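Listed below, chain by chain, are the residues.
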Amino acid sequence: MNTLIIAFEGIEGSGKTSHLEATKKYLEKQGYGVITFGLQKSKLLGERITQVKRNILFERRTLFLAYVTDLADQIENYVNPSIDSGFIALADGYTLTLTSWGLTRGLEKEWIDDVLSILPKPSVSLPLISTPDEIVRRIIKKRGYLDPLETGIDICIKEDTFEAYIDYINRFQEVLMSISSKENMIYTDKEFDEVQKEIVRRIVSITS
Amino acid sequence: MKGLLIAFEGIDGSGKSSQAVLLKDWIEMRRDVYLTEWNSSDWIHDIIKEAKKKNTLTPTTFSLIHATDFSDRYERFILPMLKSGFVVICDRYIYTAYARDVVRNVDFNWVKKLYSFAIKPNFTFYIRVTPEVALERIKKAKRKIKPQEAGIDILGELPLEEGFLKYQGMVVEIYDKIAKEESNFITIDGNRPLKDVQMDIRKILGEYIDNSL
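Residues numbered from 1 in each chain as written. Chains lettered and ligands numbered in written order. Predicted model: local features only at pLDDT ≥ 70, side-chain atom pairs only at ≥ 80, totals over all residues.

Going by what an unreviewed UniProt entry lists, chain B is known as Probable thymidylate kinase and is assigned to Saccharolobus shibatae.

For chain A, the name recorded in an unreviewed UniProt entry is Probable thymidylate kinase, with Saccharolobus islandicus as its organism. Its UniProt record, at the heading Sequence similarities (unreviewed entry), says of chain A: "Belongs to the thymidylate kinase family." What UniProt states about chain A under its Catalytic activity (unreviewed entry) heading is, verbatim, "dTMP + ATP = dTDP + ADP". (UniProt positions renumbered as here; feature names shortened; annotations may be inferred.)

In structure tokens:
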């Protein structure tokens, strides 16, 4: 049986966090108890991953396993107990995001799937897709600049950060789209409210 | 692979760490050699230690965090060193994870898949002792039994010696099973003096150390 997890999937800047927040508000208005979790948010490893990520940039398998450990810790110590007591869990990045991250870096699909099979399947996955230009704009607005070490520099070294970023986003989203079901994909390069309405339509069936 | 991968397995108190060190000293005179211990990644081991103390690991996260630690050492040290011709000695290898995870009821097939990226050692010395002998050695060395050596996370708070015998007994059972399955396993009777065990190991390895490059 699928667990009452709604997973927002996508690259940084795809709109995961803002649509997750809007969805949380919507569900709470409907009277649901909602918890959120996501990539690199565990008490066990979340902070440590942030600290060491730059040092282990090329240890892809290790970083992947650290991300899985981080998710598993949240699932077992926080998400499962909350769902058992009636909450809905929203994930800010879950297995599809992690799979795309790993595949973009050449880890084996079969191995990734095997390892991730330990985590519960979400009720619904919403892969959020946007244009690379739009994504880059959002990141610059949020962070103030493009951090070359944050995304993709380990796989696509280009003449400048912008080009490298665009290249990485393209690769990542290609992979994400290839492993996601078409009908659930959400294109976020539109008005925020319009996108949010679409998301609400998708989740109505599970929450009702 | 130009290098040679040698693993030591066995329960706590089996003497395998001493054997690993003695072997390293011997090989060092002839070849480049590197020794790595279980649970020693410089950025994860303190987290594991802390989590064990607080008892916040579940069987799944226990398994995954040790796999992360192993992978870090594997990608950083073990694999590049093997590729460049080192003899790499591992004081505990993936079979430790097999045994400890299975004892914690994690699905054996899943654990095997989790570690499927790791190459199999050329030699795995399984230093087999009974839990009773291991306990005697620990007492003789005047070392305290660590709570995790007494399986506190799965057996609860038993008296330490009782927990040790029970938990290590469970681990031995799994090791014995693995020893039958894995062709690289060499079971060595560890209930004997340190020196005798080491001589057996050196006898088996002798020509390989000199000729494998």
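(A) Local environment of helix 8 (residues 192-207) of chain A. Across its 16 residues, helix 8 of chain A extends 22 Å between first and last C-alpha, which sits within 8% of the 22 Å expected from 1.5 Å per residue. At A:Arg201, helix 8 of chain A shows its maximal bend, which comes to roughly 25°. (Helix = DSSP H or I, 4+ residues; strand = E, 2+ residues; numbered from the N terminus. Expected span 1.5 Å × (residues − 1). Bend = angle between axes of the 7 residues up to and from the residue.)

(B) The arrangement of the interface of chain B and chain A in detail. Taken together, the 20 residues of chain B in the interface contact 21 residues of chain A. Contributions of two or more residues to the side of chain B that touches chain A are made by helix 2 (45-54), helix 3 (59-83) and helix 5 (108-114) of chain B. Residue composition of the side of chain B that touches chain A, by class: nine nonpolar, seven polar and four charged. (Contact = placed C-beta atoms within 7 Å. Nonpolar A, V, L, I, M, F, W, Y, C, P; charged D, E, K, R; others polar.)

(C) Structural view of the environment of B:Arg73. Residues and elements named next belong to chain B. By secondary structure assignment, the location of Arg-73 is in helix 3. Classification of Arg-73 as buried rests on a count of 23 C-beta atoms within 10 Å. When near neighbours in sequence (up to four residues on either side) are disregarded, Arg-73 contacts Thr-36, Ser-40, Ser-41 and Ile-78. (Buried ≥ 20, exposed ≤ 12 C-beta atoms within 10 Å, placed from the backbone.)

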